[in-house]
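The lines below spell out each chain.
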Amino acid sequence: AVVSTQSTGGTWLDPRRSLEYYLFRVGDELEYRKKIRPLRVKMLDESIKTILIDDSHNVKEIIRTICERIGINNPDEFSLVVEKLENNDAKTATLKEGQV
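Participant: Mind laying out the overall build of the protein chain, listing which residues take part and the relevant values?
Facilitator: Tallying secondary structure elements over the protein chain gives one helix and seven strands in all. Across the protein chain, helices and strands are ordered from the amino to the carboxyl terminus as β-β-β-β-β-α-β-β. Here the protein chain holds 100 residues, and 24% of them are scored as buried. If you sum the accessible surface of the protein chain, you get close to 7600 Å²; carbon and sulfur atoms cover 48% of it.

Right under this line is the structure:
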């Protein structure tokens, strides 16, 4: 679950804690999302792979996961660029060379 307020971004709730632990205020929104989701990644050779990622991780950890799954040894040399496909609303992250 993700908590979102107007003044700050969202944060993932700890599944070991009860809702009473969190200090919810009037106007806070609680969204239920799957923590693990598929991400379509366009590779440098233009092929597209679908990799399961953990949405609670930051971008550096997600890139490390992607590189680990496709066999890239040095994830520090790559980053992600979000592209919107022309034929539908699906988004693809393109793996690019360059520092994160």
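Participant: Explain the nonpolar core residue by residue, including any values.
Facilitator: Within the largest apolar cluster, seven residues are counted, these being Leu39, Val41, Met43, Ile51, Ile53, Ile62 and Ile66. Contributions of two or more residues to this core are made by strand 4 (36–42), strand 5 (48–54) and helix 1 (59–70).

Participant: Any details on unusual backbone geometry? Residues and values, ideally.
Facilitator: For residues that are not glycine, phi is negative in most cases, and the peptide bond is trans in most cases. Phi is positive for Glu46, close to 75 degrees, though the residue is something other than glycine. Positionally, Glu46 belongs in the loop between strand 4 and strand 5. Glu46 gets classed as exposed once you look at its relative accessible area, which sits at 55%.

Participant: Residue-level account of a nonpolar patch on the surface, with values.
Facilitator: On the surface, Leu19, Phe24, Leu30 and Tyr32 cluster together into a nonpolar patch covering about 410 Å² of accessible area. Accessibility expressed as a relative area gives 43% for Leu19, which makes it partly exposed.

Participant: Before we move on, could you go through helix 1 and cite the residues and values that matter?
Facilitator: Structurally, the α-helix is built with 3.6 residues per turn, so residues lying three or four positions apart point the same way. With 12 residues, helix 1 extends 17 Å from end C-alpha to end C-alpha; this agrees with the ideal 16 Å at 1.5 Å per step. N-cap assignment for helix 1: the residue whose side-chain oxygen lies 3.2 Å from the backbone N of Lys60 is Asn58. Of the residues trailing helix 1, Gly71 is marked for its positive phi of about 90 degrees.

Participant: Before we move on, can you summarise the pattern of salt bridges with the specific residues and values?
Facilitator: The full count for this structure, using the stated rule, is five salt bridges. Of the charged contacts, one joins Glu31 and Arg33 as a salt bridge, the two residues approaching to 2.8 Å between their closest N and O atoms. Put simply, Lys35 and Asp54 hold a salt bridge, and the shortest N to O gap is 3.9 Å. Linking Lys35 in the loop between strand 3 (29–31) and strand 4 with Asp54 in strand 5, this pair joins segments that are 19 residues apart in sequence. The class for Lys35 is partly exposed, based on a relative accessible area of 42%.

Reading the values: rules and limits
- Residues numbered from 1 in each chain as written.
- Predicted model: local features only at pLDDT ≥ 70, side-chain atom pairs only at ≥ 80, totals over all residues.
- Heavy atoms only, no water.
- Helix = DSSP H or I, 4+ residues; strand = E, 2+ residues; numbered from the N terminus.
- Buried < 20%, exposed > 50% of the residue type's maximum accessible area, 1.4 Å probe, protein only.
- Areas by Shrake-Rupley, 256 points an atom, 1.4 Å probe, with all protein chains shown as cover.
- Core = buried A, V, L, I, M, F, W, Y, C linked by side-chain atoms within 4.5 Å.
- Patch = residues over 30% accessible without salt bridge, like charges linked within 9 Å, V, L, I, M, F, W, Y side chains within 5 Å.
- Salt bridge = Lys/Arg side-chain N within 4 Å of Asp/Glu carboxyl O.
- Expected span 1.5 Å × (residues − 1).
- Polar contact = N/O pair within 3.5 Å; in protein donor to acceptor, adjacent residues only side chain to side chain.

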